[in-house]
Amino acid sequence: EPEVTQTPSHQVTQMGQEVILRCVPISNHLYFYWYRQILGQKVEFLVSFYNNEISEKSEIFDDQFSVERPDGSNFTLKIRSTKLEDSAMYFCASTLRGGDYGYTFGSGTRLTVV
Amino acid sequence: AQKITQTQPGMFVQEKEAVTLDCTYDTSDPSYGLFWYKQPSSGEMIFLIYQGSYDQQNATEGRYSLNFQKARKSANLVISASQLGDSAMYFCAMSGISSGSARQLTFGSGTQLTVLP
């Protein structure tokens, strides 16, 4: 069964450092997303990406965040200057049609900012 | 705006029994989708079941079924014949036109299910 692949599974970084979280969406999917889950809390939407540009972004997705699809397969989330409160599980997801059956999540990257 | 409410922070069920996890939603979208995901302690989000708002029949996927009551805006997950491996956090989520063209998901706060031997 097709999978969304995320790397790394865990990352520890110093406050103020830049991190890049990587995702390989399902190959024929067209919509890509990043979500965040702070420990013990609900999953929150960060950003959606379609046709090589941001489709929607939440209030959480401020100037320290950026997304990129540098080639035909990877989808990345960059956090420019990490803060302690960025510590969370970050999930990548993809869908073929958007908001429909087959909305598949990756296994997540657990980011710890120290 | 869309809202998902899961009123059961924790549930217990005896192995082999059925359990219902509640989910109510609020939306003004004419077309929307409802999802359930399972999150075990390892952290990944596992898709369980999907119900489209115009689907005539309740969705089923193996031991999972979705009790969709559109007029009451509820989308409860029913797990039949619970197994120890079903112990996990369960999230209800929805998408809709008001989410934007890419229809991102809005999640509930989750229900922690524990299956007792």
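Residues numbered from 1 in each chain as written. Chains lettered and ligands numbered in written order. Predicted model: local features only at pLDDT ≥ 70, side-chain atom pairs only at ≥ 80, totals over all residues. Heavy atoms only, no water.

*Asks:* Explain the nonpolar core to me, please; I cannot follow it from the model alone.
*Replies:* Taken as a class, soluble globular proteins show a tendency for nonpolar side chains to be buried jointly. Formed by 24 residues in total, the largest nonpolar core has its most connected members in Y25, L34, W36, I49, L77, Y90 and L113 of chain B. At the level of secondary structure, the elements contributing two or more residues to this core comprise β3 (19-21), β5 (32-39), β6 (46-52), β8 (64-69), β9 (74-79), β10 (88-96) and β12 (111-116) of chain B. Ranked by residue count, the leading element in this core is β10 of chain B, at four residues. Apart from residues no more than four positions distant in its own chain, L113 of chain B is found in contact with M11, V13, V19, L21, I79, D86, S87, A88 and Y90 of chain B. Membership of the second largest hydrophobic core comes to 21 residues, among which are V4, V19, L21 and L111 of chain A. (Core = buried A, V, L, I, M, F, W, Y, C linked by side-chain atoms within 4.5 Å. Buried < 20%, exposed > 50% of the residue type's maximum accessible area, 1.4 Å probe, protein only. Helix = DSSP H or I, 4+ residues; strand = E, 2+ residues; numbered from the N terminus. Contact = heavy atoms within 4.5 Å.)

*Asks:* Got a minute to help me understand the state of the cysteines in this structure?
*Replies:* A covalent bond bridging the sulfur atoms of two cysteines is what the word disulfide describes. For the coordinates displayed, the defined rule picks out two disulfides over all chains. Note on cysteine connectivity: C23 of chain A is disulfide-linked to C92 of chain A, with sulfurs 2.0 Å apart. Between C23 of chain A and C92 of chain A, the disulfide has an S-S torsion of -65 degrees and is therefore left-handed. Taken together, the residues C23 of chain A in strand β3 (residues 19-24) and C92 of chain A in strand β9 (residues 88-95) connect sequence positions 69 residues apart. With relative accessibility at 0%, the residue C23 of chain A sits in the buried group. Note on C92 of chain A: relative accessible area 0%, which makes it buried. Two residues share a disulfide in this structure: C23 of chain B and C92 of chain B, whose sulfurs sit 2.0 Å from each other. One disulfide, between C23 of chain B and C92 of chain B, carries an S-S torsion of -65 degrees and so falls in the left-handed class. Here C23 of chain B is found in the loop between β3 and β4 (24-26), whereas its partner C92 of chain B is found in strand β10, with 69 residues between them in sequence. Take C92 of chain B: its relative accessible area is 0%, and that puts it in the buried class. (Disulfide = S-S within 2.5 Å.)

*Asks:* Mind showing me how you'd approach the pairing of β6 of chain B here?
*Replies:* In summary, the side chains of a regular strand alternate between the two faces of the sheet. Residue and element names in this part refer to chain B. Burial of β6 is extensive: five of the seven residues sit out of reach of the surface. When β5 meets β6, the two strands line up antiparallel, connected through six bridges. Pairing of F35 across the sheet is with Y50, part of β6. Where β5 folds back onto β6 in an antiparallel hairpin, the turn is made up of six residues, including G43, whose phi is positive at roughly 105 degrees. (Pairing = 2+ DSSP bridges.)

*Asks:* Please explain the sheet that holds strand β8 (residues 75-79) of chain A as it appears in this structure.
*Replies:* Within a beta sheet, neighbouring strands are joined by backbone hydrogen bonds and run either parallel or antiparallel to one another. Residues and elements named next belong to chain A. Ordered in space as β1-β3-β8-β7, the four strands form an open sheet in which the pairing is antiparallel. Of all the strands in the sheet, the pair left with one neighbour each is β1 (5-7) and β7 (65-68). Here the strands of the sheet are splayed against their neighbours by 20 degrees on average, with no regard to which way each runs. In this sheet, β3 lies alongside β1 in antiparallel orientation, the contact comprising three bridges. Bridge pairing in β3 places Q6 opposite C23. (Axes fitted to C-alpha atoms, helices over the stretch in contact; angles between N-to-C directions.)

*Asks:* In this structure, what is going on with the environment of L77 of chain B? I would like to understand it.
*Replies:* Residue and element names in this part refer to chain B. Looking at the secondary structure, you find L77 in strand β9. Considering only alpha carbons, one finds L77 and F91, 14 residues apart in sequence, at a separation of 9.9 Å. Setting aside residues no more than four positions away along its own chain, L77 makes contact with V19, T20, L21, W36, L48, I49, Y64, S65 and Y90.

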